[in-house]
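Structural characterization, general
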Amino acid sequence: MPISVAFVCLGNICRSPMAAAIFAKYVDDEGLGESILVDSFGTAAYHVGEKADCRSIKVCRKNGVPINHKAKQIDSKAFAQFDYILAMDKHNLSTLELMAPAATKARVMLFGEFRTLSEYDRIVEDPYYGDDDGFEKNFNQMRDFSKGLLAHLRKNYSLDRKLIR
Ligand code: 4NP
């Protein structure tokens, strides 16, 4: 069974699709695409069906990270489907904690708990009403958190490496 990871923000158009894209790129580059499933959701429904924000697409493209996602809202089924449900900020985290059934297999936590460098704030701030700088800052934080998350999964699970030709 693959390990499954869901990234969650508010609208699922700025931060969490970018988190999923960055982490999936690391996973694919390591040949672990069949061992780790990656997805993303919003806690709110405002943008369901929309593509990622053009500013998230821009910073991903600039860094060679493929991003292709249509916004979805999280529901209670996710708590039975995913091993990790990783929130971008404390507001997202408390929404998820309120939604989580008493017995959930999912570990619900801040993505920033996986940071490897303390220079990065654990909170991935909402960039929606700001400018491109906020998206760049989010990208740099999430690149570091993705490294830490992958190291954590490697340490705690035996992941099959599929050789890429
Ligand atoms: P996200 O950013 O949660 O990172 O996708 C936002 C997107 C949309 C809104 C807020 C934050 N909004 O208010 O519509």
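See the structure printed just above.
Residues numbered from 1 in each chain as written. Predicted model: local features only at pLDDT ≥ 70, side-chain atom pairs only at ≥ 80, totals over all residues. Heavy atoms only, no water.

Observations regarding helix 1 (residues 15–29)
Quick reminder of the rule: Under the DSSP-based scheme used, a helix requires at least four consecutive residues in state H or I and a strand at least two consecutive residues in state E, with every element numbered from the N terminus. One less than the residue count of a helix, multiplied by 1.5 Å, gives the span that helix is expected to have. By the convention used here, residues are in contact when the closest approach between their heavy atoms is within 4.5 Å.
With 15 residues, helix 1 should cover 21 Å at 1.5 Å per step; its first-to-last C-alpha distance of 21 Å lies within 8% of that length. Where helix 1 is buried, its residues touch strand 1 (3–9), strand 2 (36–42), helix 2 (54–62), helix 4 (90–99) and helix 5 (132–156). Positive phi shows up at Gly31, right after helix 1, with a value of about 70 degrees.

Description of the environment of Arg154
Its place among the elements puts Arg154 in helix 5. Leave out the neighbours within four places in its chain, and Arg154 touches Glu30, Leu32 and Leu159.

Side note on the site of the ligand
Spelled out, the test is: Whether a residue is near a molecule or strand depends on its heavy atoms: if one lies within 4 Å, it is near. N or O atoms within 3.5 Å of each other form a polar contact, as long as, within protein, one can give a hydrogen and the other can take it, and as long as residues adjacent in sequence are counted only when both atoms are side-chain atoms. Throughout, the ten residues Ala, Val, Leu, Ile, Met, Phe, Trp, Tyr, Cys and Pro are labelled nonpolar, Asp, Glu, Lys and Arg are labelled charged, and all others, Gly among them, are labelled polar.
Lining the immediate surroundings of the ligand are Cys9, Leu10, Gly11, Asn12, Ile13, Cys14, Arg15, Tyr46, His47, Asp126, Tyr128 and Tyr129. One of the side-chain N or O atoms of Arg15 is found 2.7 Å from an oxygen atom in the ligand. Partitioning the shell around the ligand into residue classes produces seven nonpolar, three polar and two charged.

As for the pairing of strand 1
Let me state the cut-off plainly: The rule is simple: take the accessible area with a 1.4 Å probe, protein chains only, and divide by the maximum for that residue type; under 20% is buried, over 50% is exposed, in between is partly exposed. In this description, strands pair whenever DSSP reports at least two bridges between them. For a crossover, the right-handed case is the one in which the path from the first strand over the helix to the second runs clockwise, viewed with the strands pointing away from the viewer.
Across the seven residues of strand 1, seven count as buried, placing the element largely inside the fold. Here strand 1 shows a buried face lined by Ile3, Val5, Phe7 and Cys9 and a second buried face lined by Ser4, Ala6 and Val8. As defined by bridge partners, strand 1 adjoins strand 2 across seven bridges and the pair is classed as parallel. Counterpart to Ile3 in the pairing with strand 2 is Ile36. For the crossover from strand 1 across helix 1 to strand 2, the handedness is right-handed. The sheet contact formed by strand 1 and strand 3 (residues 84–87) spans four bridges and is parallel. Directly across from Ala6, in strand 3, lies its bridge partner Ile85.

Describing the sheet that holds strand 3
What counts here: Where helices are involved, their axes are fitted lines through C-alpha atoms of the stretch in contact, as for all axes, and angles between N-to-C directions lie from 0 to 180°.
Pairing is parallel across the open sheet formed by four strands, whose spatial order is 2-1-3-4. For this open sheet the edge positions go to strand 2 and strand 4 (107–110), each flanked by a neighbour on one side alone. Each strand axis lies, on average, 20 degrees off the axis of its neighbour in the sheet, ignoring direction. Of the pairings in the sheet, the one linking strand 3 to strand 4 comprises four bridges and is parallel in character. When the bridges of strand 4 are listed, Ala87 appears paired with Leu110. Its contacts with the sheet put helix 4 on strand 1, strand 3 and strand 4, and the angle it makes with strand 4 is roughly 165 degrees. Sitting on the sheet, helix 5 is in contact with strand 1, strand 2, strand 3 and strand 4, with an inclination near 155 degrees to strand 1.

Looking at the packing of helix 1 against helix 5
Under the convention used in this document: An angle below 35 degrees is read as roughly parallel, one above 145 as roughly antiparallel, one from 65 to 115 as roughly perpendicular, and any other as oblique. Here is the rule for handedness: rotate from the far helix to the near one, and if that takes an anticlockwise turn smaller than a right angle the crossing is left-handed, while a clockwise turn gives right-handed.
Following both chains from N to C, one finds helix 1 and helix 5 inclined at 45 degrees, their axes separated by 9 Å at the closest point. In terms of axis orientation, helix 1 runs oblique to helix 5. The two elements helix 1 and helix 5 meet at a crossing, and its hand is right-handed. Residues Arg15, Met18, Ala19, Ile22, Phe23, Tyr26 and Val27 of helix 1 lie in contact with helix 5, whose contacting residues are Phe135, Asn138, Phe139, Met142, Arg143, Ser146, Lys147, Leu149, Leu150 and Leu153. Its residues placed into classes, the contact of helix 1 with helix 5 shows 12 nonpolar, two polar and three charged.

In short, the description is geometric, and any link to function would need to be established separately.
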